[in-house]
Amino acid sequence: MKALLVGEYREGKLLESTYELIGFAKQLNAEFDLFMVGSKDQLPQVDAKLYLADVTTVGEYNPSLHKQLILEAADKAGADTIVFLHSSSGWDLAPRVALALNAAQVSEVVEVTADGYLLPACNAKLRRTVKSATAKTVVTLQGGAFMAADPGGAPQVEELSSSADGNTEFGGYEQAEAGEVDLGKAEIIVSAGRGVGKPENVEMIQALAKALGGEYGASRPVVDAGWVPHDRQVGTTGQVVSPKLYVACGISGAIQHLAGMKKSEFILAINTDKDAPINEVADVLVVADIKQFAPALTAKLEG
Amino acid sequence: MNILVCIKQVPDMESRFKIAASGTWFEESDLAWRINEYDEFAVEQAVQLKEQLGDSDLTVLTIGPARVKEALKKSLAMGCDRALHVVDDAAHEKDPFQIASTIAAFAKEKSFDVIFTGMQSQDRGSGQVGVLVGELLNIPALTTAVEFACEDGAVTVRRELEGGLKAVVKAQTPALVTCQLGLNTPRYPTLPNIMKAKKKELLEVPVNDLLNEESRLTALSLTYPEKKGSALILEGEISDLVDKVIGILKEKTAVLAK
């Protein structure tokens, strides 16, 4: 395998996820080069060839132009495998590159096996193993699935420039407004998931959080439904937290949620489904309806 | 304006899945089926766009066996004007490139101004089909939309990135948009609209009329995840569970000591 790793850069900074791509290549003992849109002031620390497109001329978001640059780098590198992170940037770019290369794309790889690539299916309740049937392959890696390589060394930079016109216009970034709480600082977090059933039941999660002396949070569906404000969302698109105690209430454990809380010191999950993926990260799984369990636990704690 | 929304029918994710005898897919009997959650947001956005513009025509498309008609009927009841069922009893064996090629083969003759898809499916989650359709049709593809607007022949979306960050992106139509959860609030079909939907056009086309491409991926196996979890599982009466949990929290964490 000769891999081209597509590093990530946003708002003027190299993203740490780039080291997960390097970790992946090292784990496979694969020969690799890197590509990134970025800046000479923010180079990844790695002893490898780096094809660099200057962000000030090609922009942070311009998929058709970035695709051309990646194709140019892949060609120069003689790469047969183009590797992205399965992120908002990776899942946007990877299919474009795959199509241009007549290559299969394997999305959200969690492991490489002797036969092929292992992927989650059905909300991580199942795993699929697939292999590429094309000469070149594009893969996207699930965030956190591969151990990040330690930074070290300096890349040999070759600058790429391209001037293809894009068919999209980038209008800048918007950061979510700071809310009333910084969950990243909370030592105890009690989070509500779909299993709470209806908006009124969020109160019993708040009550439990209060009884434990912590903050309350929520999984994505609860925030999307408008039951809990966005600044309390735990997961990759919300906050990544690592409290001393995380209580997952009626949360099945979508990958995006697990990635946001699995580093918590102690995880207590309450769920009616004991096969739910939250089981993979929980220390204790209570098989119960949260609507009965939470008020009972709160009463006992306050008693 | 001519609008297309592409949807998929998937099993309810709360289901208990059994691996099929083929070893590469799950047993489809005994499952409840519904519209892929991401696609419900796509249908809602397409209907809202049609309502905003007035003089528009909205087609909903899906690929699959006979059961997928239910998903089309629901979409018609939500406000789509017509439906296309690409009949394929082996749709689950197609890879994202083949699915996208099928949609693009249908769409290229129809000059749609805006095409909506979900950003991914809940069962396979490749996140590829929408972008591939855009690339095959050579139109801009804007992914992961959590806000959408269409004005003066251009679409503007807010893309959801990581950590609460959004990116504002604009493109001239024709354009394709993939929809993230939370983009809008999908409506429930009302009874009168369900009745009206029964009179709407629902055409069938065999997949082989549209698909001319080989699969680029080989499915080897479908398995249950290895149980990495070492979670202690507690079952029983609520009051006993509460006592056990308090005991464990006292023993294993410092949070109750204060």
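The following paragraphs examine the structure supplied in this document. Here the structure is a predicted model, which is why all the values come from computation and not from measurement.

Summing up its helical and strand segments, chain A has eight helices and 18 strands in all. Its C-alpha atoms give chain A a radius of gyration of 22 Å, within 12% of the compact-globule value 19 Å for 303 residues. When the backbone C-alpha atoms are referred to their principal axes, chain A occupies close to 70 × 40 × 35 Å. Relative to its 303 residues, chain A shows a buried fraction of 58%. Looking at chain A as shown, the accessible area adds up to about 11,900 Å², and 45% of this sits on carbon and sulfur atoms. Between the mean site of the 26 positive side-chain charges and the mean site of the 39 negative ones, chain A shows a separation of 5 Å.

Each partner contributes residues to the interface: chain A has 78 residues there, and chain B has 79 residues. Both faces considered, chain A and chain B share a buried interface measuring about 6,900 Å² in area, 57% of it formed by carbon and sulfur atoms. The tally of links from chain A across to chain B stands at 11 salt bridges. In this structure, the salt-bridge partner of Arg 194 of chain A is Glu 37 of chain B, at a minimum N-O distance of 3.3 Å. For the pair chain A and chain B, the interface holds 40 residue pairs in polar contact (both at pLDDT 80 or more). Of the residues belonging to the side of chain A that touches chain B, the class tally is 32 nonpolar, 22 polar and 24 charged.

You can see Thr 56 of chain A is positioned in helix 2 (residues 55-58). Residues Thr 56 of chain A and Ala 225 of chain A lie 169 residues apart in sequence; the distance between their C-alpha atoms is 39 Å.

All names here are of chain A. Reading across the sheet, the seven strands line up as 7-11-6-1-4-5-12 and stay open at both edges, with parallel pairing between neighbours. Either end of the sheet is taken by a strand with one partner, and the two such strands are strand 7 (104-109) and strand 12 (156-160). Each strand of the sheet is rotated relative to its neighbour by a mean of 25°, with strand direction disregarded. Sheet analysis places strand 1 (residues 2-6) next to strand 6 (residues 81-85), joined by three bridges and oriented parallel. For Ala 3, the partnering residue across the bridge sits in strand 6 and is Thr 81. Contacts between helix 4 (residues 90-100) and the sheet are confined to strand 6, strand 7 and strand 11 (137-141), with strand 6 contributing the most and set at about 165° to the helix.

Time to look at the packing of helix 1 (residues 37-53) of chain B against helix 2 (residues 69-78) of chain B. Residue and element names in this part refer to chain B. Two elements in contact, helix 1 and helix 2, have axes whose closest approach is 10 Å; the angle formed by their N-to-C orientations is 35°. Judged by the sense of rotation from one axis to the other, the crossing of helix 1 with helix 2 is right-handed. Where helix 1 abuts helix 2, its residues Glu 40, Val 43, Glu 44 and Val 47 lie against Lys 74, Ser 75 and Met 78. A class-by-class count of the residues in the contact of helix 1 with helix 2 yields three nonpolar, one polar and three charged.

Analysis parameters
Residues numbered from 1 in each chain as written. Chains lettered and ligands numbered in written order. Predicted model: local features only at pLDDT ≥ 70, side-chain atom pairs only at ≥ 80, totals over all residues. Heavy atoms only, no water. Helix = DSSP H or I, 4+ residues; strand = E, 2+ residues; numbered from the N terminus. Rg over C-alpha atoms; globule rule 2.2 N^0.38 Å. Buried < 20%, exposed > 50% of the residue type's maximum accessible area, 1.4 Å probe, protein only. Areas by Shrake-Rupley, 256 points an atom, 1.4 Å probe, with all protein chains shown as cover. Lys, Arg positive; Asp, Glu negative; His and termini not counted. Charge placed at Lys NZ, Arg CZ, Asp CG, Glu CD. Contact = heavy atoms within 4.5 Å. Buried area = accessible area lost by both parts, 1.4 Å probe. Salt bridge = Lys/Arg side-chain N within 4 Å of Asp/Glu carboxyl O. Polar contact = N/O pair within 3.5 Å; in protein donor to acceptor, adjacent residues only side chain to side chain. Nonpolar A, V, L, I, M, F, W, Y, C, P; charged D, E, K, R; others polar. Pairing = 2+ DSSP bridges. Axes fitted to C-alpha atoms, helices over the stretch in contact; angles between N-to-C directions. Left-handed = near helix turned anticlockwise from the far one by under 90°.

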